[in-house]
Amino acid sequence: MGKAGKRKVRQASAPSAARGPVKSAVAAVRSNPFEVKVNRQKFNILGRKTKNDVGLPGVSRSKAIRKRTQTLLKEYKEREKANVFKDKRFGEYNTKISPEEKMIRRFALERQQSYGKKNIYNLNEDEELTHYGQSLAEIEKLNDIVDSDSDSEERGALSAELTAAHFGGGGGLLRKKASSGQQDEEEEKPKSRKELIEEMIAKSKQEKQERQTRRESALELTEKLDNDWKEIQTLIARKAPKSERKDKEAEKPKPDEYDMIVRELGFEMKAKPSERMKTEEELAKEEQARLQKLEADRLRRMRGIDEETNKKKPSHVSADDLADGFILDKDDRRLLSYKDGKIDIENEEEEEKDKEEEEEEVGEEEDNENEEESEEETANEDEEDSAADTHSDLESDLESEEEAAGNKEQKKEKTNENESQNVEKLDQKMEAAKSELPYTFAVPESYETFKSLLAGRTIEQQLIILERIQKCNHPSLAVGNKAKLEKLFGFLLEYIGELATLDLPELRTIDKLVLPLYNLCQMFPEAASDSIKFILRDAAHDMEEVIEVKGRATFPGLDTCRITTLQDVIKGLFICCLFLEYVSLSRRFVPELINFLLGVLHISLPKKQAQGYTVVHPFTPVGKNLELLLVCDKEDLESWQKKNLPLSIVTRLNETSRTEMNHTRLSCLALCFDLIKKSAALYESLPSFHEIMHPIRILLAQHVPVNEYPEKMKEWYHSALKELENKVKHYTPLICEKKKPVPLKQYTPKIVKVLEFGRKQASSKKEQERKQLIQRHKRELKGAIREIRKDNQFLARMQLSEIMERDSARKRKVKELLGSLATQEGEWKALKRKKGKN
Amino acid sequence: MARAAELAACLEAVLGSRGNANRVFQILELLAGQEEEEDVLCATRTCSRLFGALLERRELFVGPLPAEEASLAGPCSAEHKYKVWMRHRYKDCLGCLAELMGHDAFRVKELSLCTLMKFVELEAQYPLIKIEWKGTLTFPRELVKVVVDGLLPLHEDASLLISRFQEYMEYDDVRYFVIKAVTESIGQVMQKTKERPLPFYQQNVFSLISPINMPNKESDMVKFMMKQDNWEELKVSKLQAHKQAFEKMWLSFLKHKLPTALYKKVLVILHDSILPYMNEPTLMIDFLTVAYGIGGAISLLALNGLFILIHQHNLEYPDFYKKLYSLLDPSVYHVKYRARFFHLVDLFLSSSHLPAYLVAAFIKRLSRLALTAPPEALLMVIPFLCNLFRRHPACRVLVHRPDGPEGMSEDPYIMEEEEPSKSRALESSLWEIQSLQNHYHPDVAKAAAVLNQSLSEIEDDISGLLELSAYELFDKEVKKKAADVPLEFEQIRGLFGKKNDIFAEHFTLD
């Protein structure tokens, strides 16, 4: 391939580009061996794909030139031109849209453009309908004309006129009507335009009225049908549906079977939506409203306004009492009614609906309370309770209602007795109202106010107060209530703490107060955990200080403090119970528990050298506090009965007699045996169970003087020992979890995916990718530079050719001029010669 | 007040002219007599001023004091006689003050101590000892001895007074002579009591000598009370002499039987403030060996001193590891000195040349004992065991025995065996740690679970864990921010209301 070839290509390609279809040209070229350039390879490499082994330089060059003439050259030529031709046809160059769609969109666009330009006075104006680009109206006109040929020219013309005038060339329906109805009159005399319009207005009005009456009558009918249905509905519910159907059959002359089924299905009782479950928020709101109302009532009573005005209410139908045909055979509930400002029925506390589990307890206590309290108070209580119950009926489900009914029956007798005495004077009632608890409470701001709120109340009243506080300040009612109630938790906790640290701890009260505490805790877990943590931290801090100062603490933790008194032992055992309780599910191992139990056993033994076991920290193997639990008195041993340890013993040891002390000691020992048994059952799955229990087992088996114990104690002892000893000893050697094996070095060749030849393969995939990108970028850059260079060359060529053209044109022109001048000169000379001759 | 004015007048008179010298007796009378506290204080102050002034004026006799009668009778100048006489009054005064150091009231004691020390200071400046030859020491040694004797009563606790005295121990020479005086005092007192322990006395001695801050270098010794020309040649200026005296004092103190509490206290400070300042620390070997043999906490504490001797002074201790092994009993996790003990055990077991059976026995024993340990100790000991496994890979069979015998009925390890080599620890496995994986404290459980996996190469740093306390653990736990609060899910019915409640079984709410 030399210069000749190239020239040839240029010659060949130029006409082909001009001609158009390139492909055929390429095919032609390809068959021409002179056009093909083969890149000879020095070595054949297996697996290498060669892309550029054969090339058609001429073709590609011509392609490039063509492309440049189409783009670059155009640009170059238009470089000084500001005007641009813009094709604004919709989607003209968008190849993605099909031609049909293109047309549709264009049409829509057109409509849109004309949309805003409507004549506002021409109400009925419709856009002109077209068919194949021809106005439909035009076509109709033509039709009419054709029509009129057959019928009557006049009418058709008029009708066309009418339609054109009023309905914008509207549908044929109207026209037909007109043609049928008005024919005669029209023939008599052509109506004026005004008349026509009036007529039409009247007609349309009439039509409208007719429609309305029809609709009304239909409505009436359906209503009547509904009423009828309602009347018979109950019958359907009670009686067998079949019989009813028979009735219907009798009434109606000939019911189709299909109709029957359809109707049946239509009239079949559908599952009506039951009262929707109320959200917590709504419940809270209702409760608050109720309490507020009650409070207002109470205040009114306090001021002496009688509720005589309260009307006797009609029989109360619960919202749950749907008209579903379910009727209790005999409703023995008394309905709510006021009599002399009192209520006939007795109900239980409102707590019942909230806490079913609590129900029994509270109910019982309520009974007791009622008996104890004075008559008038009972009355008032009843009143409030019944008021509560009317609402609770609404909310409680059927079961609890029945249960409540049962309770009520029991109580009714009592109330009836009360009732006779309850005919009271008004002023007495006022007194009662004063002594009665208020219904609404604000959350106390400080602990002092909280305490004063609860001070002097009975346990039940305290509970009610707490509950009312919670209800009046439910977090869903107001924004700040959440924070307030969270504070309430802290107060309650503090209050309980205070009760517990009294000389005579009010454990019964605490026992009840933990319920609201629990509820609050469930409501606000975070706040609760924070305040508990705070208390714990305080306690720990105090203890730390005490330990620092005195070297020992008074409170016997399982680990930190020495055991010096019997109370310490009991406290410790209590904490052991606590531990056991906590780990009863998780079965976590608590070494301190075992240590303490061992220590307790140790101090129950007579003083001697401990053999085979060692007691640890809270206890000392030798020292003055040994034999704390040792009982030697034979009689006391005999007379002992297992009884539960009272918690108050922890703060104050009130048994002074030796016997009772000894009995307490034995109870502790029994408790210890039981705890050993329980912990043995708990920890039996631990792999070193025997090692853990080893000291206790030795102590039990070898040192404890079983024979001296009473029978009951022996039972405890043996059950504990049995629990310890009947465990199988089983040890399996430990094996570490397998770690992911490190692969050995291998000699098989490592196969790596080759992405590009001639390049070093980077190790990681990321690196490979990076290199690849760099490579590609380089290549692109090179290509771009080449392209730009070629562009420049092309432009320069073009400019050169332009200049050449210009020059040649000038030369030609100069030549022409010179030529013309020469001819002129020649002519002139010739003339002159002629003259000279002449 | 009247008394005060009177005393002031006396003072004026005596200082004013030698003719009124006899009024000194008025002052001394008050000092010696059983007077009111205020009067005694006043008299002491007056004495202090009087003799202070006299010392400064050098109006007291210098040199060995002749007998009063003889010198007064002798043919001397009046000046000489006056000085001798006054010196005798000074001596009387010192005697009274020494007695007053045993007074009931602390203020009196304190003031007499301060007065005596003031005299010591003045005497050091204006010596009452004649320099006869080059090496003569002018420091009032006798006076210091008197003070020390006053500080170490036999039958009462004088720690308060002693702590008041500490400020004088800053002076290098005072310290030196106090050390010497204490040595002497111990020798005298203990000789008399014939090995019967004197708890108060020994306690006092200990509180006097334990805070002694010995200088590290000779150049540190710059603070002296005494100024003397031939300073460089005196023993007092040599650190070597100080160390020797110090060593002697301690040895004489420790020679005698100590009460247990004191024993522990001595051992606690031994490695830190005694051994480094002894010329011959090896002299402590006997003491430490005995202490190490006693057992319990004392042995644990003796370990520290022993370590220094073994480590720095080439002490060879037979059966050291066996003894160490026998020290491991359940109390090691509970004692106060846990951190120190484990720090040392870590040091002792850091050698990679120990036989595997020994390390395995230690591992097994420590983990067996861990079954009764509190969580803070467990958090320390588990990484400790991990470190042992890292140092001694041969012991890893304890946690990883893939082809071991299945279904053993006993743990092969013998806990009671005192000889580590016979404990068969290498045949066992660490089931104890496996049990601790169920510990109630989540961090302990997590730490124990580490042994399930193969260990990393790098040792854990346990120095931060050694001092861990229960309170710290608690604090950490409380400060944790719980993402969701775990709540009791069972509806409660009061304190003991639940089903199968353990409390309800054994307690009542009365």
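Definitions and limits used
Residues numbered from 1 in each chain as written. Chains lettered and ligands numbered in written order. Predicted model: local features only at pLDDT ≥ 70, side-chain atom pairs only at ≥ 80, totals over all residues. Heavy atoms only, no water. Contact = heavy atoms within 4.5 Å. Buried area = accessible area lost by both parts, 1.4 Å probe. Salt bridge = Lys/Arg side-chain N within 4 Å of Asp/Glu carboxyl O. pLDDT = per-residue confidence, 0-100. Helix = DSSP H or I, 4+ residues; strand = E, 2+ residues; numbered from the N terminus. Axes fitted to C-alpha atoms, helices over the stretch in contact; angles between N-to-C directions. Parallel < 35°, antiparallel > 145°, perpendicular 65-115°, else oblique. Left-handed = near helix turned anticlockwise from the far one by under 90°. Expected span 1.5 Å × (residues − 1). Buried < 20%, exposed > 50% of the residue type's maximum accessible area, 1.4 Å probe, protein only. Nonpolar A, V, L, I, M, F, W, Y, C, P; charged D, E, K, R; others polar. Phe/Tyr/Trp six-rings, centres within 6.5 Å; stacked < 30°, edge-to-face > 60°. Core = buried A, V, L, I, M, F, W, Y, C linked by side-chain atoms within 4.5 Å. Patch = residues over 30% accessible without salt bridge, like charges linked within 9 Å, V, L, I, M, F, W, Y side chains within 5 Å. Areas by Shrake-Rupley, 256 points an atom, 1.4 Å probe, with all protein chains shown as cover. Lys, Arg positive; Asp, Glu negative; His and termini not counted. Charge placed at Lys NZ, Arg CZ, Asp CG, Glu CD.

### What about the interface of chain A and chain B?
Here comes step 1: Contact with chain A, which involves 68 residues of that partner, is made by 68 residues of chain B.
Here comes step 2: The three residues of chain A that bury the most area against chain B are Tyr518, Tyr731 and Leu734 of chain A, which together make up 12% of that side's buried surface.
Here comes step 3: Between the two partners, chain A and chain B, sit one salt bridge.
Here comes step 4: Across the salt bridge formed by Arg368 of chain B and Glu691 of chain A, the nearest N and O atoms sit 3.8 Å from each other.

### Here's the deal with the confidence of the model for chain B
Residue and element names in this part refer to chain B.
Here comes step 1: Taken over all residues, the pLDDT of chain B has a mean of 81, while the share at 70 or more is 93%.
Here comes step 2: At the low end of the mean pLDDT range in chain B sits helix 4 (residues 68–73), at 70; at the high end sits helix 17 (residues 356–369), at 91.
Here comes step 3: Two summary scores accompany this predicted model of the complex, namely pTM at 0.57 and ipTM at 0.74.

### A word on the packing of helix 11 (residues 239–254) of chain B against helix 12 (residues 260–274) of chain B
All names here are of chain B.
Here comes step 1: With their axes 13 Å apart at the nearest point, helix 11 and helix 12 run at an angle of 160° to one another. Between helix 11 and helix 12, the crossing angle belongs to the class labelled roughly antiparallel. For the crossing formed where helix 11 meets helix 12, the hand is left-handed. Between helix 11 and helix 12, the residues in contact are Phe246, Trp250, Phe253 and Leu254 and Leu262, Val266, Ile269, Ser273 and Ile274, respectively.

### Here's the deal with helix 6 (residues 106–125) of chain B
Here comes step 1: For helix 6 of chain B, which comprises 20 residues, the first-to-last C-alpha distance of 29 Å matches the rise-based estimate of 28 Å (1.5 Å per residue) to within 8%.
Here comes step 2: Burial analysis of helix 6 of chain B places 14 of its 20 residues in the buried class, which makes it a mostly covered element.

### Some thoughts on the packing of helix 16 (residues 338–348) of chain B against helix 18 (residues 375–391) of chain B
Residues and elements named next belong to chain B.
Here comes step 1: Two numbers describe how helix 16 lies on helix 18: the axes approach to 11 Å, and their chain directions differ by 5°. As far as their axial angle goes, helix 18 and helix 16 are roughly parallel. Judged by residue contacts, Arg338, Phe342, Val345 and Asp346 of helix 16 engage Glu376, Ala377, Met380, Val381, Phe384 and Arg391 from helix 18.
Here comes step 2: A per-class count over the contact of helix 16 with helix 18 returns six nonpolar, no polar and four charged.

### Regarding the packing of aromatic side chains
Here the distance between the centres and the angle between the planes together describe a pair of aromatic rings.
Residues and elements named next belong to chain B.
Here comes step 1: Taken as a whole and judged by the stated rule, the model has 28 aromatic pairs over all chains.
Here comes step 2: Judged by centre distance (5.2 Å) and plane angle (70°), the ring pair of Tyr176 and Phe177 falls under edge-to-face. In this pair, the class of Tyr176 matches that of Phe177, namely buried.
Here comes step 3: Considering the side-chain rings of Phe320 and Phe348, the 4.7 Å spacing of their centres and the 75° angle between planes classify their relative orientation as edge-to-face.

### Here's the deal with the nonpolar core
Here comes step 1: Core analysis: the largest hydrophobic core is formed by 269 residues, its most contacted members being Phe673 and Tyr683 of chain A together with Trp250 and Phe253 of chain B.
Here comes step 2: Counting residues per element, this core draws most heavily on helix 27 (residues 658–683) of chain A, which supplies twelve residues.
Here comes step 3: When sequence neighbours within four positions are dropped, the list of residues in contact with Trp250 of chain B reads Phe206, Ile209, Ser210, Val266, Ile269, Ile274 and Met284 of chain B.
Here comes step 4: Within the second largest apolar cluster, five residues are counted, among which are Leu72, Tyr76, Phe794 and Leu795 of chain A.

### Describing unusual backbone geometry
Here comes step 1: Although it is not a glycine, Arg587 of chain A adopts a positive phi angle of roughly 55°.
Here comes step 2: Following the sequence through the fold, Arg587 of chain A ends up in the loop between helix 24 (566–586) and helix 25 (591–603).
Here comes step 3: In this structure, Arg424 of chain B is a non-glycine residue whose phi angle is positive, near 55°.

### Topic: helix 20 (residues 459–472) of chain A
Here comes step 1: Look at helix 20 of chain A: 20 Å from first C-alpha to last across 14 residues, which is about the 20 Å you get at 1.5 Å a residue.
Here comes step 2: Most of helix 20 of chain A is tucked away: 13 of the 14 residues are buried.

### A few points about a positive patch on the surface
Residues and elements named next belong to chain A.
Here comes step 1: A cluster of basic residues, Arg61, Lys778, Lys782, Arg786, Arg789 and Lys790, forms a positive patch on the protein surface.
Here comes step 2: A per-element tally of the positive patch places helix 30 (residues 765–837) first, with five residues.
Here comes step 3: Inspection of the secondary structure puts Arg789 in helix 30.

### Some points on a nonpolar patch on the surface
Residue and element names in this part refer to chain A.
Here comes step 1: On the surface, Val814, Leu818 and Leu821 cluster together into a nonpolar patch covering about 260 Å² of accessible area.
Here comes step 2: Among the secondary structure elements, Leu821 is positioned in helix 30.
Here comes step 3: Given a relative accessible area of 47%, Leu821 falls into the partly exposed group.

### Some words on the pattern of salt bridges
Here comes step 1: Counting across every chain of the model gives 26 salt bridges over all chains.
Here comes step 2: Two residues, Arg68 of chain A and Asp791 of chain A, come together in a salt bridge whose shortest N-O distance is 2.3 Å. With Arg68 of chain A in helix 3 (residues 57–70) and Asp791 of chain A in helix 30, this pair connects stretches of sequence that are 723 residues apart.
Here comes step 3: According to the relative accessible area criterion, Arg68 of chain A is buried, its value standing at 8%.
Here comes step 4: Between Arg390 of chain B and Asp460 of chain B there is a salt bridge, with the nearest N and O atoms lying 3.4 Å from each other. Here the residue Arg390 of chain B occupies a position in helix 18, and Asp460 of chain B occupies one in the loop between helix 20 (442–449) and helix 21 (463–466), the gap between them amounting to 70 residues.
Here comes step 5: Several salt bridges converge on common partners, so that one network encompasses Glu691 of chain A together with Lys364, Arg368, Asp411 and Glu432 of chain B.

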